[in-house]
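Remarks on the overall topology
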Amino acid sequence: SASSSPYGGNSSVGTASSWCFRPDGRFAHSKTGFTSASGDVMGGSASRQKLGGRYRIDGYQARFVYDDGREVATAFCFLNEKKSHIAINGKRYMGN
């Protein structure tokens, strides 16, 4: 969000997440987040995380086993006939 006011403000916060699935069962997951502020308090920060591992889709469930050994089971579905748009735990991801 962002705001502009004579009393300060001008803050913004954002996140982005992307998934890449390969036919051999490998995935890459990138997350980026940022924040900034101005006015009486000035500053900002950003972080980026790239993760990968193996995946398996079984019906409406996806299981991700990250390279560090962490496992996550989540809801999964295709959102269009071309299977280019997916939902992971209710969040929509659009592909090519």
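Below: a short report on this structure. Here the structure is a predicted model, which is why all the values come from computation and not from measurement. Counting restarts for each chain: residues are numbered from 1 in the order of the written sequence. For this predicted model, a pLDDT threshold of at least 70 governs which residues receive local features, and a threshold of 80 or more governs which side-chain atom pairs are given and counted, while totals over whole chains, interfaces and linings are taken from all residues. To obtain the side-chain values, all non-hydrogen atoms of the structure were included, while hydrogens and water were left out.

Think of it this way: DSSP has to see at least two bridges between two strands before they count as a pair. Counting from the N terminus, the helices are DSSP H or I runs at least four residues long and the strands are E runs at least two residues long. Examined bridge by bridge, strand β5 (residues 61-66) and strand β6 (residues 71-78) share 5 bridges and lie antiparallel to one another. Looking at β6, one finds that arginine 63 is bridged to alanine 73. Counted along the chain from β5 to the antiparallel partner β6, the turn is 4 residues long, and its residue glycine 69 has a positive phi close to 100 degrees. Relative to strand β7 (residues 85-88), β6 runs antiparallel, the two sharing 3 bridges. In the sheet register, cysteine 77 faces β7, and the bridge partner there is alanine 87. Between β6 and β7, which pair antiparallel one after the other, the connecting turn spans 6 residues, and lysine 83 there sits at a positive phi close to 60 degrees.

Scope: geometric values only; no functional claims are made or implied.
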